[in-house]
Amino acid sequence: MAYQPKSYRKFLATSVAAAVVVTAAAPAALAAPADAKFSDVSSSHWAIDDINYLVEKGAIQGYPDGTFKPNNSITRAEIAVVLANTLGLDVDSEVTTDKFSDVPATHWANPYIAAIVDQTEGVIDGYENGTFRPSNTITRQEMAKMVVEAYDLELVEGKDLPFTDVSGLWSTDYINILASNGVAAGMTATTFAPRGEVLRAQTAAFIHRAEVEEERIEVPGLVPTVSSVTAVNATTLTVVLSDDTTHEVTLDTALVANEATEVTFEINDVEYTETVTWVYEELAVASVNAVNGKQLVVNFTQPVDASSVLTSPTASTSTVKTGVLSLNRTSTDTHSNDVVLGVAERAVLSSDGKTLTVTAPTGQFFKGNYDVTVKDAKSGQNTIPSVIKTISVDDTTAPIVNSVVYVPATDKFEVTLSEPIDSLTGEVLRINGQPVASGFDALTGPTNKLTFARPSSVATGTNATIYIAGFSDAAGNFVTPSTTTVPVTQDTTALAVASLEQVTNQKVRLTFNKELNSASKTALESGTGVVVTRPNGSTTSNFTVAQNLTVDNTGKTYDITLSDATYTNGNSEVFGITLIKDAFTDVTNNKNDLYSKSITLNKDTVAPTVTSAALASNRQAIEVTLSEGVTITNPAQVKLRKDGAEQTGLSVALKGGTDNVLVVSYSSGAELAGGSYQVRLEAGAVTDLNGNANNAVNAPSVSVSATPAAPLNVAVANSGTNVFTVTAPTGQTFTTASLNHNNFRIDGQAVSSNSDITLNSTRDIITVSLPSEDSVKISGNALFTTNGLALESGRALATATATVTVTDNTAPTLTGAQLVSANVIKFTFDENLDALTLTDAADLIDDIQLSNGTVAYNGGFASGATSGGDTVVSSVDGKSLVVTVSPNSDSNWATVVNSSQISVTTLDTADTIKDANGVVIRDNVRVNLVK
């Protein structure tokens, strides 16, 4: 039976048995009688039935000379007539459209075009410039879109789609839908010729098959291909097919370990032949490293059983199983906080079973040289051979705050550190400049996650500035002070592209303003939602997308590799990158808008050059900076010379976090002795990211002095209210120059130049006394640091960092006053006030005077009286004090406040209005009352 599209069945009530009469300007192909026999269409013509079907429907006709011309192309105007008739649209010769500048009302096909654009959606569209281009011929891919949209066709899953020339086109989906439904036969068994012109005979076939399901071509089911094959062991394969099904296959003949082998097997009666390698590596310890003073990491070559290394393998926390890991500290110095295993450490085995991470118990850390013995770990029936690895640990790296976020679900802030800590001693935690009274939540053991509750003073929908400092890791490295501004609200900003730039000949870097969620990251890396246009304007699927965490650890940056950037026509090419609207979502569920940009790629033909050389901060290497990112292609071509002599036993690597800094050191890790060093790069030692090799070049010489003595440490302590002492190392004395106030900082700010800074008589203690007023605005813990101090012996001093206690001595200052209503005044100060309560008018007039220049507000007290004054109610909101006065019969309130000009002055008798730290307001400050 004939198929009628659901979108157009409502038009079937209109009789369309006869074609609508068109004007004399219509092409001859639409003017011949419907029952004509075509001299150029024999009874054996492949499309005879299709042509007759459309002719009988009155949708298409032949030419006056009795021909059909089946191999002629068809225009956009002609296909509008055909589809308007086959779809049964309501065509009226008096109804025309003026939507297209090149289709006047007198155009022979205007009524049909009007019916198409007014009564359908997406079947035939105009162009962006307002034209229809009625005389343009139709391509096969355009015809595919028209038929799919006209007849509501959808993809039939599980069908073998044979066309190999349609990948990456704008029309790919439409062509595949036709093929899966048996509507498209193709020009050959495997090609569709999407850009070829559609012929009149082909037009008839497309529409006949779309309307009459019995006329469609039988489409064979898809035979899945092998997506991946993995050798689980010598006789077992895991096979994943293209239909996403997974199968376990047992082999008759065992595989040879680590040797590529061709195997043949059957799945669902389909025979497959694949090459597979059974990768087998003897169970062993690959490495043992201390990643910081708290954590030891053991890497295995094969996954090990959790039950063989953990005491509680299914619990959230566990210790190391007895005998698996043992430590022998070989350093001769005393380390009273050394690690004792088997009691309270935390051990975690990675999900792949290959990495065991051990975190030392609270109060313990690794320091010095150790022999680490690993044994008894098992993988199935295999036991790891016992091994002893030597490690050296000297943790001097300060923990840093990696991130601070607000978590609405818990109403808490979450702080992530770069390493675990096990004590919050000395913590400095402020939000919006004020100490957080409750501090961090208590630790339950070593952790790199800290949390604290949102103070009630921090409203949702605002930003909170959080300052963190003061505590240290187990090795005594103070956390790097951190100030972070955190939004305390739901993010509603649209996901957007922040930048798109070229990084190599075939690679562009796409950076978003925010991190994608997991599903969108996966979609983007699969190419979903991305349209790439070649220089010739056609779309392409020859690209890959990968997240780049090396250059951006926030997860917002992705590299797109464009395989079609071959520069066959010169040294530049233009590609288009489009992100489809709503294709991606950020971590707070905001979607992207449409993004489309053209980017010009310029071919790089310039070799990398050396720009500088310097001594590494650890004094163990020379760092050579190159003009661009490189890969090391021949490390043997990197030479190091000391005082002109060639050095041996070298290690050459790229500096972590960079791609353009070569680190040249001794393989032993030894410090560089004093002397003149020069790195030479022979030709081809490195290549840039576009494959350009370096020319032979000598890097600038680097002079290395003899290793200086280790810097000495001073001691910092409180010795009174806002008074601090700095004590020199034993046997050392300070220079007078050390007394400069810029050498002493509290929370990063130099102490006041009016501070009293003195040396004791033996010159080994500096006392820093802050001014008694207006030098401190907070009460609580603060970070005190010294830098620039000098010893008379000339020995270097390390920067000192200590948590001290400071006391607020800065009086809040009145900045404004406003008469809100007849009996209500709002006083504004420059800092937050204490949540005080004014109990009566006496409290108010003792602290603040209101005067009209002739008389001051009397508080409602009769002359000489000390009781019975006006009723006063107050409230505090941050920096504002709102006072409501209910005057009595003795009050002169109305006389004062109704005057044309009223002054407000703070008094030296003030004792009630104070800041959040209890400091009374500053006296003798005068402002005018604003009405």
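In this text, all values refer to a predicted model and were calculated from it rather than measured experimentally.

What counts and what doesn't
Residues numbered from 1 in each chain as written. Predicted model: local features only at pLDDT ≥ 70, side-chain atom pairs only at ≥ 80, totals over all residues. Heavy atoms only, no water. Helix = DSSP H or I, 4+ residues; strand = E, 2+ residues; numbered from the N terminus. Rg over C-alpha atoms; globule rule 2.2 N^0.38 Å. Buried < 20%, exposed > 50% of the residue type's maximum accessible area, 1.4 Å probe, protein only. Contact = heavy atoms within 4.5 Å. Areas by Shrake-Rupley, 256 points an atom, 1.4 Å probe, with all protein chains shown as cover. Polar contact = N/O pair within 3.5 Å; in protein donor to acceptor, adjacent residues only side chain to side chain. Axes fitted to C-alpha atoms, helices over the stretch in contact; angles between N-to-C directions. Parallel < 35°, antiparallel > 145°, perpendicular 65-115°, else oblique. Nonpolar A, V, L, I, M, F, W, Y, C, P; charged D, E, K, R; others polar. Phe/Tyr/Trp six-rings, centres within 6.5 Å; stacked < 30°, edge-to-face > 60°. Pairing = 2+ DSSP bridges. Salt bridge = Lys/Arg side-chain N within 4 Å of Asp/Glu carboxyl O. Patch = residues over 30% accessible without salt bridge, like charges linked within 9 Å, V, L, I, M, F, W, Y side chains within 5 Å. Lys, Arg positive; Asp, Glu negative; His and termini not counted. Charge placed at Lys NZ, Arg CZ, Asp CG, Glu CD. Expected span 1.5 Å × (residues − 1). Core = buried A, V, L, I, M, F, W, Y, C linked by side-chain atoms within 4.5 Å. pLDDT = per-residue confidence, 0-100. Left-handed = near helix turned anticlockwise from the far one by under 90°.

Caption draft 1: Looking closely at the overall build of the chain. When helices and strands are counted, the chain shows ten helices and 55 strands. The globule rule puts the C-alpha radius of gyration for 931 residues at 30 Å, and the 41 Å found for the chain is more than 25% above it. The principal-axis extents of the C-alpha atoms in the chain amount to approximately 125 × 90 × 55 Å. Classification of the 931 residues of the chain by burial places 44% in the buried group. Of all intrachain contacts in the chain linking residues separated by at least 6 positions in sequence, the fraction that spans at least 24 positions is 63%. If you sum the accessible surface of the chain, you get close to 44700 Å²; carbon and sulfur atoms cover 47% of it.

Caption draft 2: Representation of the environment of Lys294 within the structure. With respect to the helices and strands, the residue Lys294 is situated in the loop between β6 (285-290) and β7 (295-300). Taking the C-alpha atoms as reference, Lys294 lies 85 Å from Lys69; in sequence the two are 225 residues apart. Reaching out from Lys294, the side chain makes a polar contact with the backbone oxygen of Gln364 at a distance of 2.9 Å.

Caption draft 3: Focus on the side chain of Thr725. Here Thr725 is to be found in strand β42 (residues 723-727). What Thr725 contacts, discounting residues up to four positions off in sequence, is Ala715, Val716, Ala717, Ser719, Ile765, Ile766 and Thr767.

Caption draft 4: Quick peek at the packing of helix α1 (residues 48-56) against helix α6 (residues 200-211). Relative to each other, α1 and α6 sit at 75°, their axes nearing to 8 Å. With respect to α6, the axis of α1 lies roughly perpendicular. Along its contact with α1, which presents Asp49, Asp50, Ile51, Tyr53 and Leu54, the element α6 presents Ala201, Ala204, Ala205, Ile207, His208 and Glu211. Taken together, the residues of the contact of α1 with α6 break down into seven nonpolar, one polar and three charged.

Caption draft 5: View of the packing of aromatic side chains. As enumerated under the stated definition, the model contains 15 aromatic pairs in all. Between Phe413 and Phe452, the ring centres sit 5.0 Å apart and the planes meet at 15°, which makes this aromatic pair stacked. Of this pair, Phe413 sits in strand β16 (residues 412-421) while Phe452 sits in strand β19 (residues 447-453), and the two are 39 residues apart along the sequence. Across the pair, exposure class does not vary: Phe413 and Phe452 are buried alike.

Caption draft 6: Structural context of the sheet that holds β16. A sheet is described by the order of its strands in space; here three strands give the open sequence β15-β16-β19, paired in antiparallel fashion. Edge strands, defined here as strands with exactly one partner in the open sheet, are β15 (401-407) and β19. When the angles between neighbouring strand axes are averaged without regard to direction, this sheet yields 20°. For β16 and β19, the ladder comprises six bridges, and the chain directions are antiparallel. By the bridge assignment, Phe413 is partnered in β19 with Phe452.

Caption draft 7: How the structure looks around the sheet that holds strand β18 (residues 434-435). Strands sit in the order β18-β17-β20-β21 across an open sheet of four strands; the sheet is antiparallel. In this open sheet, the two edge strands, each paired with only one partner strand, are β18 and β21 (482-487). Relative to β18, strand β17 (residues 428-431) runs antiparallel, the two sharing two bridges. Across the sheet, Ile431 pairs through a bridge with Gln434, a residue of β18.

Caption draft 8: Representation of the pattern of salt bridges in the model. Considering all chains together, one arrives at 21 salt bridges under this definition. For Asp333, the salt bridge is made with Arg329, and the minimal N-O distance between the two is 3.1 Å. On the accessibility criterion, Asp333 (40% relative accessible area) is partly exposed. Here Arg534 and Asp564 are joined by a salt bridge, their closest N and O atoms 2.9 Å apart. Taken together, the residues Arg534 in the loop between β24 (530-533) and β25 (539-540) and Asp564 in the loop between β27 (557-562) and β28 (572-579) connect sequence positions 30 residues apart.

Caption draft 9: Main features of the environment of Val401. Along the chain, Val401 turns up in strand β15. Given the relative accessible area of 15%, Val401 is considered buried. For the pair formed by Val401 and Ile468, sequence separation is 67 residues and the distance between their alpha carbons is 8.1 Å. Ignoring any residue separated from it by four or fewer positions in sequence, one finds Val401 in contact with Val415, Thr416, Leu417, Ile468, Val479 and Ser482.

Caption draft 10: A negative patch on the surface, seen in detail. Residues Asp49, Glu213, Glu214 and Glu215 make up a contiguous surface patch of negative charge. Mapping Glu213 onto the fold places it in the loop between α6 and β1 (226-231). Exposure remark for Glu213: the relative accessible area of 49% places this residue in the partly exposed category.

Caption draft 11: Highlighting α6. Given a rise of 1.5 Å per residue, twelve residues ought to cover 16 Å, and the 17 Å separating the end C-alpha atoms of α6 matches this to within 8%. Taking burial as the measure, the twelve residues of α6 include twelve buried ones, the bulk of the element. Residues of α6 that are buried include every one of Arg200, Ala201, Gln202, Thr203, Ala204, Ala205, Phe206, Ile207, His208, Arg209, Ala210 and Glu211, and no others. Taken together, the buried residues of α6 touch α1, α2 (76-86), α4 (140-150) and α5 (172-180).

Caption draft 12: α1, seen in detail. Within α1 the residues assigned to the buried category are Ile48, Asp50, Ile51, Tyr53, Leu54 and Val55. Packed against the buried residues of α1 are α2 and α6. One or two positions beyond α1, positive phi appears at Gly58, with a value near 75°.

Caption draft 13: Focus on the nonpolar core. Membership of the largest hydrophobic core comes to 61 residues, with the highest contact counts inside it found for Ile51, Ile79, Leu83, Ile124, Val147, Leu178 and Phe206. Elements with a minimum of two residues in this core: α1, α2, α3 (110-119), α4, α5 and α6. With sequence-adjacent residues up to four places away left out, Leu178 is seen in contact with Ala144, Val147, Val148, Leu153, Val183, Ala184 and Phe206. Within the second largest apolar cluster, 30 residues are counted, among which are Leu814, Leu833, Val927 and Leu929.

Caption draft 14: Region of the structure containing the pairing of β28. Burial analysis of β28 places six of its eight residues in the buried class, the great majority of the element. With four bridges connecting them, β24 and β28 associate as antiparallel partners. If you follow Thr533 over to β28, its bridge partner there is Gly576.

Caption draft 15: Spotlight on unusual backbone geometry. Its identity is not glycine, yet Asn432 carries a phi of approximately 55°, on the positive side. Inspection of the secondary structure assignment puts Asn432 in the loop between β17 and β18. On the basis of relative accessibility, which here comes to 42%, the residue Asn432 falls in the partly exposed class. For Asn924, which is not glycine, the phi torsion reads 60° and is therefore positive. For Asn924, the position within the fold is in the loop between β54 (903-906) and β55 (926-930).

Caption draft 16: Structural detail: the confidence of the model for the chain. Within the chain, residue pLDDT values average 89, and 95% of them lie at 70 or more. By mean pLDDT, strand β13 (residues 382-383) is the weakest element of the chain at 84, and strand β46 (residues 765-769) is the strongest at 97. In this model, residues 1-26 is a region of pLDDT below 50 whose contacts with residues beyond four sequence positions or in other chains number 49 contacts.

Caption draft 17: Looking closely at the packing of α4 against α5. Where α4 meets α5, the closest approach of the two axes is 8 Å, and the angle between their N-to-C directions is 65°. Accordingly, the angle class assigned to the pair α4 and α5 is roughly perpendicular. Taken as a pair, α4 and α5 cross one another with a handedness that is left-handed. From α4, Gln141, Ala144, Lys145, Val147, Val148 and Glu149 reach across to α5, where they touch Tyr174, Ile175, Ile177 and Leu178. Its residues assigned to classes, the contact of α4 with α5 comprises seven nonpolar, one polar and two charged.

Caption draft 18: Geometry of the pairing of β17. Alternating residues of β17 divide into Val428 and Arg430 and Leu429 and Ile431, and every residue in both groups is buried. Of the strand pairs in this sheet, β17 and strand β20 (residues 463-469) are connected by four bridges, and their pairing is antiparallel. Its bridge partner being in β20, Ile431 is matched across the sheet by Ile466. Between β17 and the antiparallel strand that follows it, β18, lie two residues; Asn432 among them carries a positive phi value of about 55°.

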